[in-house]
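Chain by chain, the residues:
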Amino acid sequence: MERHIKIDMEKCTGCKLCELACAAVKTGVFNPRDSRIKICLIDIPEIPVPILLDTCDYCFQNPVCVQFCLPKAIEWEEMESKPERAKVSDAKRIAREWLASVSR
Ligand code: SF4
Ligand code: SF4
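Residues numbered from 1 in each chain as written. Chains lettered and ligands numbered in written order. Predicted model: local features only at pLDDT ≥ 70, side-chain atom pairs only at ≥ 80, totals over all residues.

1. Thoughts on the overall build of the protein
Tallying secondary structure elements over the protein gives four helices and four strands in all. Counting from the amino terminus, the protein carries its helices and strands in the arrangement β-α-β-β-α-α-β-α. Taking 104 residues into account, the globule formula puts the C-alpha radius of gyration at 13 Å, and the protein, at 13 Å, falls close to it. Its C-alpha atoms give the protein principal-axis dimensions of roughly 40 × 35 × 25 Å. Looking at the protein as a whole, 25% of its 104 residues are labelled buried. (Helix = DSSP H or I, 4+ residues; strand = E, 2+ residues; numbered from the N terminus. Rg over C-alpha atoms; globule rule 2.2 N^0.38 Å. Buried ≥ 20, exposed ≤ 12 C-beta atoms within 10 Å, placed from the backbone.)

Structure, rendered in structure tokens:
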């Protein structure tokens, strides 16, 4: 078993605190553009889709972003293997699929 960040987009409020925390710890500047996690806001009303970029290094096994996610949409958990990381370009499809699943 190994630990990875588990994403539960249903719990994400789109607050973007994780982006700010990541940017601050990685660059020393509160600029979400430099964050290694992106919260894509899809459609109106917005559906937040958290995406971990390939550059995320889990802060060397101590992910700072997770500590700032109060709704626990991202969590540091034991898993069998590393989950596949979606791309920012997948966010729209992920949001649409989620919307279809909850509209049934
Ligand atoms: S993953 Fe958590 S901290 Fe980041 S935007 Fe969603 S709710 Fe906020
Ligand atoms: S684990 Fe660290 S590098 Fe990865 S998104 Fe979170 S704060 Fe950024």
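2. Concerning the site of ligand 1
Among the 15 residues in the neighbourhood of ligand 1, the closest are listed as Cys12, Cys15, Cys18, Cys69 and Ala73. Counting only elements with at least two residues in the shell around ligand 1, the list comes to helix H1 (17-27) and strand E3 (47-52). In terms of residue class, the shell around ligand 1 is made up of twelve nonpolar, two polar and one charged. (Near = placed C-beta within 6 Å. Nonpolar A, V, L, I, M, F, W, Y, C, P; charged D, E, K, R; others polar.)

3. Points about the site of ligand 2
Ligand 2 sits among 14 residues. The nearest are Cys22, Cys56, Cys59, Pro63 and Cys65. Every element with two or more residues in the shell around ligand 2 is listed here: H1, helix H2 (58-61) and helix H3 (64-67). Among the elements that line the shell around ligand 2, the one with the most residues is H1, at four residues. Tallied by class, residues from the shell around ligand 2 come to eleven nonpolar, no polar and three charged.

4. Looking at the nonpolar core
If you look at the biggest cluster of nonpolar residues, it comprises 20 residues, and the most contacted ones within it are Cys18, Cys22, Cys65, Cys69 and Ile74. Of all the elements in the fold, those that place two or more residues in this core are strand E1 (2-7), H1, strand E2 (37-42), E3 and H3. Those residues in contact with cysteine 69 that lie beyond four places of it in its chain are Leu17, Cys18 and Ile74. (Core = buried A, V, L, I, M, F, W, Y, C linked by C-beta atoms within 7 Å. Contact = placed C-beta atoms within 7 Å.)

5. Things to note about H1
Among all positions in H1, only Cys18, Glu19, Ala21, Cys22 and Ala23 are buried. Next to the buried residues of H1 lie E2, H3 and strand E4 (74-79).

6. Notes on the pairing of E2
Working note: regular strand, side chains alternate between the two faces of the sheet. Pairing of E2 with E3, which is carried by six bridges, proceeds in the antiparallel orientation. Across the sheet, residue leucine 41 finds its bridge partner in E3, namely proline 48. Following E2, the chain reverses through four residues before pairing antiparallel with E3; aspartate 43 in that reversal takes a positive phi of roughly 65 degrees. (Pairing = 2+ DSSP bridges.)

7. Things to note about the environment of cysteine 69
Mapped onto the elements, cysteine 69 comes out in the loop between H3 and E4. Placed 56 residues apart in sequence, cysteine 69 and threonine 13 show a C-alpha to C-alpha distance of 9.5 Å.

8. What about helix H4 (residues 91-103)?
When the terminal C-alpha atoms of H4 are compared, their 18 Å separation across 13 residues agrees well with the 18 Å that a helix rising 1.5 Å per residue should span. Of all 13 residues in H4, one are buried; the element is thus mostly exposed. (Expected span 1.5 Å × (residues − 1).)

9. Focus: the environment of glutamate 77
Along the chain, the position of glutamate 77 falls in strand E4. On the basis of neighbour counts, which here come to 13 C-beta atoms within 10 Å, the residue glutamate 77 falls in the partly exposed class. Sequence separation between glutamate 77 and aspartate 57 is 20 residues; the distance between their C-alpha atoms is 15 Å. If near-sequence neighbours (up to four positions away) are discounted, glutamate 77 is found in contact with Arg3, His4 and Lys6.

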